[in-house]
Structures are given as C-alpha cells and as structure tokens.
Amino acid sequence: MITPVLPTYARAPVTFEKGEGPWLFDETGQKYLDFAAGIAVCALGHSHPKLVAALEAQARRVWHTSNLYGIPGQEELAKRLTDASFADTVFFTNSGVEAMECAIKMARKFHSHNGNPERYKMLAFEGSFHGRSLATIAAAGQEKLVKGFGPMPDGFDQVPFGDHEALKAAITGETAAILIEPVQGEGGIRPVPPQCLRGVRELCDEHGILLIMDEIQCGMGRTGKLFAHEWSGATPDILASAKGIGGGFPLGACLATERAAAGMTGGTHGSTYGGNALAMAVGNAVMDEMTVPGFMEHVVKMSGLLRQRLAQLVDEFPDIVEEVRGEGLMLGIKLKPEAVNGTLVNNARERHLLLVPAGDNVVRILPPLIVGAEHISQAVETLSATCIDMRDSAAVAAK
Ligand SMILES: *Cc1c(COP(=O)(O)O)cnc(C)c1O
C-alpha cells in the first residue's frame, strides 16, 4: 500500500527534532554533526539567533500580502543583491527550480523581444542538475530524471561537461542561452575551471547568446564569494539562486542584468508566494550575516583546513578515496569504484556525521558556513573511522 507521503525519496531511518549551529538532535536526543546542511541550504547552521529573531518579529507583523502590493523587504534585498553582484534586477521565488524557470523564460523572452523568436534553444551540460520541473529535467537531460515523463519540452540540448569544442559545435542560429553550474553539485562536485567559464562567456558574446548560471547550490557564500563565478571574472546575464539564500526558509531568486530582463514587463511572469514578507525577513537576515566583515574569509579559511584534512584521507585510504575536489565549503570526495558512496554516507550517519551522496560516486561535504575548526576535526575523524570500516569489510569480502 502506498504511504501517505508520496514515496519518491529513500529516506534514512532518522528524524531530527532540534538543531543548533552545525548540530542536529534526533528524537532520542542523540547529537549529529550536520555536514549536509539540508543540502547546502542551512548556510548559517540551525536555529541561528538572528534568523530566528527576524522570522519571529515578522511573524507578529504580517506574513503574506501577495505581489499585488509593495513589499519593502523585497526592495531591500533586491537592492543589496544587485549592489553586491553583476545584476540590476531580481525576481524572488520559493525554490531553486522556480528561479531556473524564470531564467529560462527570461532568456527566451529576451530574444523574442529583440525580434528573434527563433532563438529559443538552451545548451546545458551532461551531469548537470537544474531542478525537477519539465523544463529543467529536459535541460539536464539525464535518463534518470526524464524517464517516463515524456514528451520533453522542445529546445534543450546537452554537451559533454568540459568539452569546449562540442559546445562551440552545438551553437546554431536558434541558440538562446547556455546554462551552466559554475560548480556542478548533484553531478558530483565538479568545478568548471575559471578559464573555461571565461571561454563560455566569450562564446556567448561572440554569438549573441545569453549566459545563465545556476548558482542554486554553489552561490551565496558557499565557495567563499557571494557567487562562485566571481572567482573567474566571468559574469552571467542571468543567475538562479536558492538554497543558502534563505538559510532554511524556502526562498529563491532570479538575478539578471537590465539588458537580459528587458522583455520581462508587467504581467509576463509572477508568483503568489515569491518574496513574501516572511521570506524577505529571513533573506535579509541571511544577507546581514553574510556581509559581516570576515564572513567570506572564514569560509575560505575553513575550506583550506577541510581540504587539507581530506587530502590526508586520500593518502591514508588509497583503496577507498580517489580524490578531493570542489570549491570553498562545497567539497566532495570521489571514491574508488570498489567503494560505494551511499555505503560511506550510511556508515558516517551511523557514526552521527551527516553527508550527502552525489553522482559520479562522490560524497558531498557541505557543512554550514559557520562551521569551526573543531567541527572539521571531528568530521574528519569520523570519516576516517568510516573508511577503516569500509576497508575492513572489503578485506572480509575478499577472503
Ligand atoms: C537544488 C538545485 C536545484 C533545484 O532547487 P529546488 O529548490 O530543489 O527546486 C537546481 N539547481 C541546482 C544546481 C541545485 O543544486
């Protein structure tokens, strides 16, 4: 019999009822170190006092009025995001996929607005992930996402990750935009090298194509800059943000230049909930914390420490861990084919360390950005114990 909750997730046998900073507590009071952070969402950890205060204060005033009226929190957050980025304008959503939908619609509208409605196709990369709507599964194109959900919306093609020549060859007079995650998340923590990102930008400029960056996972401080593309110097025309931007409150945003957004006039797009008063209270509080001097430096420093400690695991367990990769506090360990990422994640969870599996046999390590050196030490010790377990059970299996 089907469960009352649609069974689309294979859930781990644990539930949490309280959180504090990088810690989660299950219903029996047992403590877990949370290096999953709700899949890179809880950037400021759990129950951050400033976020709690902002949400509580707003909850006593007004929750929701709709976008039929002015929302001061939107004006404030949009101003702060545009001041701090490439963008001139922002549309607020409740999730990442809605930010991507806005980005895709905007890119198509841009070309039709400029008299080129035939330019509607998007080029994306193999191994990418852009959400679960029809348009975004069509964009990613992966079999496991699209199977049984056809026919897919027209106008989405994929090229191999990191293949600049294939990307060039795939461009036609119908190409509207290129869609790229500066660091692939679900695909297995695969960063796009800065010179490649700049190369994609040049290609877009050459052909009058818009560049859409999906920074839903890698943005909002995750790599030690507000947005990951800042490390490369290449900027997008349109950017989708979500996850960390709300620190756990459902919030997303589509950022764009004035030029790219030119066709998005009154009535062309909307959302009932997007950017409501509650979401904006939390979004502004997240921005307050991320703009405190030293916040990004802390991310970079903790990243260096974590990377260094993870590199020791590669040396210590060469039969299990192949390499460490990623940027900032968006790190992954790629396992050897003999070691299965899901097994490692489960073993670590039993040892009260939460991690996230990803594609390409990678284990994602996504601590809250407020993590301290002591938490990193503890996490790596647990990972080490987990690797010993895996090595021992492989030895037993070989006998
Ligand atoms: C999580 C994610 C999405 C989808 O976000 P939702 O909030 O689940 O809709 C899209 N793109 C990337 C890169 C993501 O990591």
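Residues numbered from 1 in each chain as written. Predicted model: local features only at pLDDT ≥ 70, side-chain atom pairs only at ≥ 80, totals over all residues. Heavy atoms only, no water.

## Topic: the domain arrangement of the protein
In step 1: Segmentation of the protein into domains returns domain 1 (16–34 + 293–398) and domain 2 (49–290).
In step 2: A C-alpha centroid distance of 28 Å is found between domain 1 and domain 2.
In step 3: Surface buried jointly by domain 1 and domain 2 totals about 1600 Å² across both partners, of which 65% is contributed by carbon and sulfur atoms.
In step 4: When the buried surface of domain 1 facing domain 2 is broken down by residue, Met296, Met330 and Arg364 rank first, second and third, together holding 39% of it.
In step 5: The interface formed by domain 1 and domain 2 includes one salt bridge.
In step 6: Summed over the shared surface of domain 1 and domain 2, the number is seven residue pairs in polar contact (both at pLDDT 80 or more).
In step 7: With four residues, helix 10 (residues 295–316) is the single largest residue contributor to the side of domain 1 that touches domain 2.
In step 8: Classifying every residue of the side of domain 1 that touches domain 2 by side-chain character gives 13 nonpolar, four polar and four charged. (Domains from an automatic or database assignment. Buried area = accessible area lost by both parts, 1.4 Å probe. Salt bridge = Lys/Arg side-chain N within 4 Å of Asp/Glu carboxyl O. Polar contact = N/O pair within 3.5 Å; in protein donor to acceptor, adjacent residues only side chain to side chain. Helix = DSSP H or I, 4+ residues; strand = E, 2+ residues; numbered from the N terminus. Nonpolar A, V, L, I, M, F, W, Y, C, P; charged D, E, K, R; others polar.)

## A short note on the sheet that holds strand 5 (residues 121–125)
In step 1: Taking strand neighbours across the sheet as the criterion, the seven strands line up as 4-12-11-10-7-5-6 in an open arrangement whose pairing is mixed. In the strand order of this sheet, the two ends are held by strand 4 (89–93) and strand 6 (156–159), each with one partner. When strand polarity is set aside, the average angle formed by the axes of neighbouring strands in this sheet is 20°.
In step 2: Across the sheet, helix 4 (residues 96–113) is in contact with strand 4, strand 5, strand 6, strand 7 (175–180), strand 10 (210–214), strand 11 (238–241) and strand 12 (252–256); its angle to strand 10 comes to roughly 180°.
In step 3: Strand contacts of helix 8 (residues 194–207): strand 7 and strand 10, with the helix running at about 145° to strand 10, the strand carrying the most contacts. (Pairing = 2+ DSSP bridges. Axes fitted to C-alpha atoms, helices over the stretch in contact; angles between N-to-C directions. Contact = heavy atoms within 4.5 Å.)

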